[in-house]
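# Examining the three-dimensional arrangement
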Amino acid sequence: MSAAGETEAWRPTTRWVFASPHSGALIPPAMRPAPGLSRRSLRSAEDALVDRLIASGAERGAAVLLGEVSRACVDLNRSPDELDPMLIDGLEPGRPVSPRAAAGYGVVPRLSGDGRPLSAGRLSRAEAEARIAAWHAPYHARLTDLMAAARATHGRAILVDWHSMPASREAGAPQVVLGDRHGEACAPDLTRRLKALFEAEGWKVALNAPYAGGWSTQIWGRPGDGFEAVQIELDRGLYLDPVGLRPGPGWARCKAGVERVIAALLA
């Protein structure tokens, strides 16, 4: 993982922590993807280029944490306990299985974003736990450090967890979805402010549907403890070439709009 906006004697200059857990593209050699799986399928669940969209946050004082490993290998926005018995051998009989893990999208995913099997075969529990230890645990240890330092310095810490969502072809579909776990994860004025800022860019904004916030939003959305969190999903159709996973025709406009939102938010 990488954290931007730091020096050797780093201290948080603002209460803001930006994270992009799904923008990483690294496929570790030990992953052993399924034979014949295309690069496009392997990377279909990634939040490609979100790290570049939010880069100005570091320049404006936010701590920025970027996941490095591909979501196809381990999902940094899942609980480490969300293990999939259809993929992983050696799990206890009767162990609770979350709906996401049952659908193939646990902390070690079974399926790609476009629904294809990711692995060449089943994984041992030791293999799954090794992925979690190598990538998930260090990422969340670093996020914990950043949030704790921001709260210690500024009295509260605010996590903005940045993501992308598949482009929608439906007329009137939201282009931005804000997830605050139905008002539990942050102060209402933060959600209202973000909604107004994105709408000022001409984008249709929805709240909590279909994305109310993942594991990071859940564990850090504790306003009573001085920690707030909100998840932001951006429609990939605004900025991405889905075939090459490169900037698409709307890239310049989208990047400028996100930068204006960040500038206003951190002002």
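What this report covers is the structure whose coordinates are included nearby. Note that the structure is a prediction, hence the values are computed from the model and not measured. As a convention, each chain's residues are numbered from 1 in the sequence order in which they are written. Given that this is a predicted model, residues contribute local features only at a pLDDT of at least 70 and side-chain atom pairs are listed and counted only at 80 or more, while totals for whole chains, interfaces and linings are drawn from all residues. Excluded from the side-chain calculation are hydrogens and water; included are all heavy atoms of the structure.

The angle between the axes and the distance between the axes are what describe a pair of packed helices. The geometry of helix α6 (residues 188-200) relative to helix α8 (residues 251-266) is characterised by a closest axis approach of 10 Å and an angle of 145° between their N-to-C directions. Regarding α6 and α8, the two cross each other, and that crossing is right-handed. Where α6 approaches α8, its residues Leu190, Arg193, Leu194, Leu197 and Phe198 are matched on the opposing element by Val261, Ala264 and Leu265. For the contact of α6 with α8, the residue count by class is 7 nonpolar, no polar and 1 charged. Fitting a line to C-alpha atoms yields each axis, with helices limited to the stretch in contact; the angle taken between N-to-C directions then spans 0 to 180 degrees. Secondary structure follows DSSP: runs of H or I at least 4 residues long count as helices, runs of E at least 2 residues long count as strands, and numbering of each begins at the N terminus. Each crossing gets its handedness from the near helix: less than a right angle anticlockwise from the far helix is left-handed, clockwise is right-handed. What makes two residues a contact is simply this: any of their non-hydrogen atoms within 4.5 Å. Polar here means any residue other than Ala, Val, Leu, Ile, Met, Phe, Trp, Tyr, Cys and Pro, which are nonpolar, and Asp, Glu, Lys and Arg, which are charged; Gly is therefore polar.

Attention now goes to the side chain of arginine 78. Its location among the elements puts arginine 78 in the loop between β3 (63-66) and α4 (99-102). Among residues more than four places away in sequence, those in contact with arginine 78 are Arg71, Arg100, Tyr105, Gly106, Val107, His136 and Trp215.

Along the chain, the position of aspartate 47 falls in the loop between α1 (39-42) and α2 (50-53). Throughout this description, a polar contact denotes any pair of N or O atoms lying within 3.5 Å of each other; where both atoms belong to protein, one of them has to be capable of donating a hydrogen while the other can accept it, and for residues adjacent in sequence the pair is counted only when both atoms sit in side chains. At 3.3 Å, the side chain of aspartate 47 and the side chain of histidine 163 are in polar contact. Residues in contact with aspartate 47, not counting those within four places in the same chain, are His22, Ser23, Trp162, His163, Ser164 and Arg236.

If you look at soluble globular proteins, the nonpolar side chains tend to sit buried side by side. Core analysis: the biggest nonpolar cluster contains 36 residues, and Phe18, Trp162 and Phe198 have the highest contact counts within it. Listed by contribution, the elements that provide at least two residues to this core are β2 (16-20), α2, β3, β4 (157-165), β5 (176-179), α6, β7 (227-235) and α8. Per-element accounting of this core gives the leading share, 7 residues, to α8. Setting aside its immediate chain neighbours within four residues, tryptophan 162 contacts Phe18, Ala19, Ser20, Pro21, Asp47, Val50, Ile54, Phe198, Ile232, Leu234, Val258 and Ile262. In terms of nonpolar packing, the next biggest core, distinct from the first, is built from 33 residues, Met31, Leu83, Leu87 and Leu91 among them. By nonpolar core we mean a set of buried residues, namely Ala, Val, Leu, Ile, Met, Phe, Trp, Tyr and Cys, connected to one another through side-chain atoms within 4.5 Å. Each residue gets one of three labels from its accessible area relative to the maximum for its type: buried under 20%, exposed over 50%, partly exposed in between, using a 1.4 Å probe on protein chains only.

For this document, the term salt bridge refers to a Lys or Arg side-chain nitrogen within 4 Å of an Asp or Glu carboxyl oxygen. Scanning all chains against the criterion turns up 18 salt bridges. A salt bridge links arginine 71 to aspartate 75, with the nearest nitrogen and oxygen atoms 3.0 Å apart. Of the charged contacts, one joins glutamate 92 and arginine 125 as a salt bridge, the two residues approaching to 3.0 Å between their closest N and O atoms. Residue glutamate 92 is found in the loop between β3 and α4, and its partner arginine 125 is found in helix α5 (residues 125-154); the two are separated by 33 residues along the sequence. In this structure glutamate 92 comes out as partly exposed when scored by relative accessible area, which is 39%. Look at arginine 125 and you get partly exposed, because its relative accessible area is 22%. Where salt bridges share partners, they join Glu92, Arg95, Arg125 and Glu129 into one cluster.

Don't take any of this as a statement about function, it's just geometry.
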